[in-house]
Amino acid sequence: MRVTLSKVALDQLSRFDAIRNVWFAGMLFALGVAQMCLAQQASPSSKIGDIVTNPLTGAQERVVQLLPDPNGEVASVLTNAGNTFLTLTTVGQTFESSSGTTYTVVSTHVNATTMLVDQVNLTSNPATNPTGTPSEVVTNYSSQLQQAAQQNAGHPGQGPIIPPTTTSGVINEIHGGQSGSSGSNGYCLFSLFGYCMGFPGSDGKAGSPGPPVTRTVPVSYGPIASTASNTPGITVGTNGGNGGDGGSLYGGGGGYNGGAAGQGGQLTLSNATSVSTSGDKSYGVFGISSSGKGGKGGSGYLFAGGGSGGTPAQAGPVSISNTGQIDTFGAGSHGIYALSAGGSAGDGGGSWGIAGNAGSGGNGGNGGNVSVTNDGTIITSEDGSHGILAQSIGGTGGNGGDAGGIFALGGDASSGGTSGNVQITNQANAYIETRGPNSIGVFGQSIAGGGGDSGVAVGIAALGGNGGSGNNAGAVTITNAPGSKIFTTNDNSHGVFGQSIGGGGGNTAPTIGVVSVGGTASVGGNGSTVTIDNGAIIGTMGTN
């Protein structure tokens, strides 16, 4: 059936179509206005977690990092999409670059779709360059951020490691100089100009130096396993012999001097094999050079003074390198322990009789330089077990001898020894993890020796001796190359710790008598510089 509409009806339909079109256009305009109202340009007041609009795409992105300029103003923000948005998009605003140059916004460009600024013109000198140089508001760094995240991803953690159940391949090589023999005692009938008339005694003999030692443990040596306490997997050392004690003297004159200590030898130790220990105080690798101890001065009786303590010697330098895997499971079991220790000085001999004049103590021996280089894996599991511990320790000054008599003079103490420089280097493949409390990842320490204590004086007239001074410590340098990793997972466990400590001054002992004059205590030594150059990833999980 054919339907014919009148002209009036047609006019009404046309009018309805026009109204409908206007309604749709209004809705589209309203949606556009709403979208523009929702759009949020990043600004210097933006905060982490804010939603901002990408001026190029209109996408809503979340702020994850604020990027301030050197003056502290937020010049850019980083979003969860890997984009940086310049926040200074108003003409006249300024910011400072990392190089110190100040830039000014001289003009802007608004995106036709988002109605947000997507480009600014910047100039460092509006007078000479008023138009500026175009700079995009949006820069995408997603690929660079993803690559950096992959390169610096956290270590998944080592799986369970089984402690050794049988001992095999343990190396224990301590090379030592011979100790000096003791002096014989003397008996004086009387003393003429300091010369003993009677049977003379003798000084203690000097100790022999420790030999230089070079030890290499290759991969072909095979795995090393230690199950006993106080048994490192590898122990290599070179120690000087002790000086002999001086003979005593009965009568006039003086007691005989203690013998000098032998010097510690130079130690070079290199390990490339796997080492595992399960006992307490059983280090993975232990290298030591120490000088001997000076002999004690002989005592004097009646009119005889005490002999002086023997002089110590310096400890040798210690160098340890490691590319193998080291695991320790006992308490107090460091992965690598490198030590150079100066010997303690001999004590002065006592003097007892009518006139007592005690001998002086000798100076402490110096600690040598210590160097550790690690490019392997070190894991310790129990309390007080550092990954790497490198120490140089100066010897303690000898104590002055005691004196007793009608007239008594206490012996002077002597200075402590200096400590050497300590250097630790972790190369790119180094991985260190400590799992027990009180276990530092990398610990470098230089400790100078303290001064000795003066001797006691007892008599009708008593003069106290002087305390010895502490000495100075060496420098500590720790370098962790990029790519190395250091993790501690328990309490009181720093990732890296360096320390240089001067020796403490010695104390004076009391004087006792009708007339008493006390001695003087002495000063402590100085610590040196500590330098840490870190390129490693360091993670700590415990408290403190």
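In this text the structure is predicted, and so the values were computed from the model without any measurement. (Residues numbered from 1 in each chain as written. Predicted model: local features only at pLDDT ≥ 70, side-chain atom pairs only at ≥ 80, totals over all residues. Heavy atoms only, no water.)

Enquirer: Which residues make up the packing of aromatic side chains, and what values do they have?
Expert: Going through the model one piece at a time under the given rule, you end up with 6 aromatic pairs. Among the aromatic residues, ring-to-ring pairing joins Tyr283, Phe286 and Tyr337 into one connected group. (Phe/Tyr/Trp six-rings, centres within 6.5 Å; stacked < 30°, edge-to-face > 60°.)

Enquirer: Mind laying out the sheet that holds strand E33 (residues 422-426), listing which residues take part and the relevant values?
Expert: For sheets, the rule is that strands pair by backbone hydrogen bonds, running either parallel or antiparallel. With parallel pairing, 7 strands are arranged side by side in an open sheet as E13-E18-E23-E28-E33-E38-E43. Unpaired on one side and paired on the other, strand E13 (213-217) and strand E43 (530-534) mark the two borders of the sheet. Across the sheet, the mean angle separating the axes of adjacent strands is 5 degrees when strand polarity is ignored. Taken together, the 5 bridges between E13 and strand E18 (residues 267-271) define a ladder with parallel strand orientation. Bridge pairing links Arg215 to Leu269 in E18. (Pairing = 2+ DSSP bridges. Helix = DSSP H or I, 4+ residues; strand = E, 2+ residues; numbered from the N terminus. Axes fitted to C-alpha atoms, helices over the stretch in contact; angles between N-to-C directions.)

Enquirer: Tell me about unusual backbone geometry, residues and numbers included.
Expert: Non-glycine residue Met115 carries a positive phi angle of around 60 degrees. Within the element layout of this structure, Met115 appears in the loop between strand E6 (102-110) and strand E7 (117-123). Residue classification places Met115 among the partly exposed positions, given a relative accessible area of 45%. Although it is not a glycine, Lys281 sits at a positive phi angle of roughly 55 degrees. As for its position among the elements, Lys281 is in the loop between strand E19 (275-277) and strand E20 (285-290). (Buried < 20%, exposed > 50% of the residue type's maximum accessible area, 1.4 Å probe, protein only.)

Enquirer: Got a sec to walk through the pairing of strand E4 (residues 83-86)? Specific residues and values, please.
Expert: Here E4 shows a buried face lined by Asn83 and Phe85 and a second buried face lined by Thr84 and Leu86. Of the strand pairs in this sheet, strand E3 (residues 74-79) and E4 are connected by 3 bridges, and their pairing is antiparallel. Considered in E4, the bridge of Ser76 is made with Leu86. What sits between E3 and E4 in their antiparallel hairpin is a turn of 3 residues, with Gly82 showing a positive phi close to 85 degrees. Looking at chain direction, E4 and strand E9 (residues 138-140) are connected through 3 bridges and run antiparallel. Bridge pairing in E9 links Asn83 to Asn140.

Enquirer: Can you explain the pattern of salt bridges? Please cite residues and give values.
Expert: All told, the structure shown has 2 salt bridges when counted by the stated rule. As a salt-bridge pair, Arg215 and Glu173 come within 3.0 Å of each other at their nearest N and O atoms. Here Glu173 lies in strand E10 (residues 171-176) and Arg215 lies in strand E13, a separation of 42 residues in the sequence. For the salt bridge of Glu433 with Arg435, the shortest nitrogen-to-oxygen distance reads 2.9 Å. (Salt bridge = Lys/Arg side-chain N within 4 Å of Asp/Glu carboxyl O.)

Enquirer: I'd like a description of the pairing of strand E15 (residues 234-239), backed by residues and values.
Expert: For a regular strand, the rule is simple: side chains alternate between the two faces of the sheet. For E15, a buried count of 6 out of 6 residues is recorded, marking the element as mostly surrounded by other parts of the structure. Residues Ile234, Val236 and Thr238 line one face of E15 and the alternating positions Thr235, Gly237 and Asn239 line the opposite face, and both faces are buried. Bridge analysis of E10 against E15 gives 6 bridges, and the strand direction is parallel. Its bridge partner lying in E15, Glu173 is registered against Val236. Of the pairings in the sheet, the one linking E15 to E20 comprises 6 bridges and is parallel in character. By the bridge assignment, Ile234 is partnered in E20 with Val285.

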